[in-house]
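Below are the chains, spelled out letter by letter.
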Amino acid sequence: MKKTVKKAIIPAAGLGTRFLPATKAMPKEMLPIVDKPTIQYIVEEAVASGIEDIIIVTGKGKRAIEDHFDNAFELEQNLLKRGKLDLLEKVQFSSNIANIHYIRQKEPKGLGHAVWSARKFIEDEPFAVLLGDDIVQADTPCLRQLMNEHEKTQASIIGVQQVHEDETERYGIIDPITQNGRLYQVRNFVEKPESGTAPSRLAIMGRYILTPQIFMFLDEQQIGTGGEIQLTDAIQKLNEIQRVFAYDFDGKRYDVGDQLGFIQTTLEFALQDESLSSSLLAFMDRLIVNKRV
Ligand code: UTP
């Protein structure tokens, strides 16, 4: 019987060291791109793709994420009294957006461990994983594209995109065997290959559809690159017992996991906002002219 993907895991228990000290007391997933926390973009993509239940893996100091997706009674009453109905709508939207559940990863032992922590919620079904480090703008939501491929193949589908040669060491990289349009059969999945050794420039981009057999390998809790339990290592083992495909998804991907990417994304999203774009462009023009003088 065909099983469709209804559940998604969003791991959000990392330490966010690249944004310290901002992330000392605040989850990096709550850093806003213009007026929305990054994690809300991810939840919206999951919902737009047809996901019904989301489990967010949280950790120490991550309460703000739960508060963000909860009702805010006093704030809502205050906005109502002051007639700020557009803001009220935005505030209420984030608490009604989806069925969101939470589980805590007791220690940040790596992405593979974070996904493993949510295994009881998944049971025996294929499921999605979305990482908050990548925001994707696409006509068909990125996750939906992977779900479409899963519906055809019933296999695990890993979202990838091309990166520059000198960036491959920052990503999980695939070693493709055959290509059929955007879909690749994969020989190996390699986590953060050393510079100059990457088998391709196709990098894993934080969107996955996985079959539940992945938990057989996550159960092993094998320590990988960086001393962490890596999801990529478990995917490689899964690929040895059943087909795992990579899908070069369509859409523009924004890397909000590091400082430069975060600033660039903020600028691009602000320029897409009619209420900000002309003033921001004028400001940037002045800034560039002053830099050149
Ligand atoms: P990252 O390595 O990008 O996130 O992990 P990080 O560890 O928070 O950030 P830096 O590198 O220290 O700046 C990718 C995703 O996996 C989650 C993170 O929250 C992020 O969404 N993650 C990572 C966990 O949930 N648990 C972990 O133990 C590690």
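Everything in this summary refers to the structure shown in the same document. Within each chain, residue numbers correspond to sequence positions counted from 1 in written order. Reporting in this predicted model follows two pLDDT cut-offs: at least 70 for local features of residues, and 80 or more for side-chain atom pairs to be given and counted; totals over whole chains, interfaces and linings ignore these cut-offs and use all residues. For the side-chain quantities, the full set of heavy atoms in the structure was used; hydrogens and water were omitted.

Glancing now at the overall build of the protein. The helix and strand labels rest on DSSP assignments: H or I over at least four residues marks a helix, E over at least two residues marks a strand, and numbering proceeds from the N terminus. From N to C terminus, the protein includes 11 helices and 13 strands. With the C-alpha coordinates of the protein rotated into their principal frame, the extents come out at 60 × 50 × 35 Å. Taking all 293 residues of the protein together, the buried fraction comes to 48%. Here, residues are in contact when the closest pair of their heavy atoms is within 4.5 Å. Considering only residue pairs separated by 6 or more positions, the protein has 77% of its internal contacts joining residues 24 or more positions apart. Three labels apply to residues, based on accessible area from a 1.4 Å probe with only protein chains included: buried if under 20% of the type maximum, exposed if over 50%, partly exposed otherwise in between.

A few words now on the site of the ligand. Only a single heavy atom is needed: when it lies within 4 Å of a molecule or strand, its residue is near that molecule or strand. Neighbouring residues of the ligand: 17 residues in total, closest Thr17, Arg18, Gln105, Gly110 and Asp133. Any N or O atom pair separated by 3.5 Å or less is treated as a polar contact, with the protein-specific requirement of one donor-capable and one acceptor-capable atom, and with residues adjacent in sequence counted only for side-chain atom pairs. Backbone polar atom of Gly16 to an oxygen atom of the ligand: 2.9 Å apart, as the coordinates give it. In this structure, Lys109 approaches the ligand through a main-chain N or O atom, which is 3.2 Å from an oxygen atom. Relative to its free-state accessible area of 560 Å², the ligand is covered by the protein chains to the extent of 87%. Only the protein chains shown count as cover for residues, and all accessible areas are computed by the Shrake-Rupley method using a 1.4 Å probe.

Pairing of aromatic rings covers Phe, Tyr and Trp, the last through its six-membered ring, and needs centres within 6.5 Å; plane angles under 30 degrees mean stacked, over 60 mean edge-to-face, and all others mean tilted. The full count for this structure, using the stated rule, is 4 aromatic pairs. Note on Phe127 and Phe215: the rings are 5.3 Å apart at their centroids and 15 degrees apart in plane angle, and the pair reads as stacked. With Phe127 in strand β6 (residues 127–130) and Phe215 in helix α8 (residues 214–218), this pair connects stretches of sequence that are 88 residues apart. As far as the burial class goes, Phe127 and Phe215 line up, both buried. Note on Tyr254 and Phe269: the rings are 4.9 Å apart at their centroids and 85 degrees apart in plane angle, and the pair reads as edge-to-face. Taken as a pair, Tyr254 in strand β13 (residues 252–255) and Phe269 in helix α10 (residues 259–271) lie far apart in primary sequence, 15 residues in all. Phe269 matches Tyr254 in its accessibility class, with the two residues each being buried. Pairwise contacts between aromatic rings join Tyr41, Tyr254 and Phe269 into one cluster.

Moving on, we come to a nonpolar patch on the surface. Patch membership requires over 30% relative accessible area and the absence of a salt bridge. Like charges are linked within 9 Å, and nonpolar side chains (Val, Leu, Ile, Met, Phe, Trp, Tyr) within 5 Å. In the sections that follow, a salt bridge refers to a side-chain nitrogen of Lys or Arg positioned within 4 Å of a carboxyl oxygen of Asp or Glu. A surface patch of nonpolar side chains, amounting to about 260 Å² of accessible area, comprises Phe283, Leu287 and Ile288. Relative to the helices and strands, Ile288 is located in helix α11 (residues 274–292).

When its volume is computed, the largest pocket comes out at roughly 1,100 Å³. As for the largest pocket, its lining consists of 42 residues, of which Arg18, Lys28, Leu131, Asp133 and Lys192 are closest to the centre. At the level of elements, α5 (111–117), β11 (202–210), α9 (231–241) and β13 are the ones that each hand at least two residues to the lining of the largest pocket. Examining the composition of the lining of the largest pocket, we find that 4 residues originate from one element, β11, more than from any other. Of the residues assigned to the lining of the largest pocket, the class counts are 17 nonpolar, 14 polar and 11 charged. Buried and open spaces are told apart on a 1 Å grid over the protein atoms alone, a cavity being a set of points where a 1.4 Å probe fits but cannot get out and a pocket being an open set with protein on both sides within 12 Å along at least five of seven lines. Residues with an atom within 4 Å of a point are the lining residues. Grid points are joined across faces, edges and corners, and a volume is the space filled by probe spheres set on the points. Of the pockets and cavities examined, the second largest pocket occupies roughly 300 Å³. Taken together, 14 residues form the lining of the second largest pocket, with Glu167, Arg253, Asp255, Gly261 and Gln264 sitting closest to its centre. Elements with a contribution of two residues or more to the lining of the second largest pocket: β13 and α10. Residues are sorted three ways: Asp, Glu, Lys and Arg are charged, Ala, Val, Leu, Ile, Met, Phe, Trp, Tyr, Cys and Pro are nonpolar, and all the rest, Gly among them, are polar.

Relative to the helices and strands, Ser200 is located in the loop between β10 (183–191) and β11. Residue classification places Ser200 among the buried positions, given a relative accessible area of 14%. From its side chain, Ser200 meets the backbone oxygen of Ile174 in a polar contact 2.5 Å long. Within the structure, Ser200 has its side chain in polar contact with the backbone nitrogen of Leu202 (distance 3.0 Å). Once you skip the residues sitting within four places of it in the chain, Ser200 turns out to touch Thr168, Ile173, Ile174 and Pro176.

Expected helix span is taken as 1.5 Å per residue step, with the number of steps being one fewer than the number of residues. With 19 residues, α11 extends 28 Å from end C-alpha to end C-alpha; this agrees with the ideal 27 Å at 1.5 Å per step. For α11, the complete set of buried residues consists of Ser277, Leu280 and Met284. Turning to α11, the residues buried within the fold contact α10.

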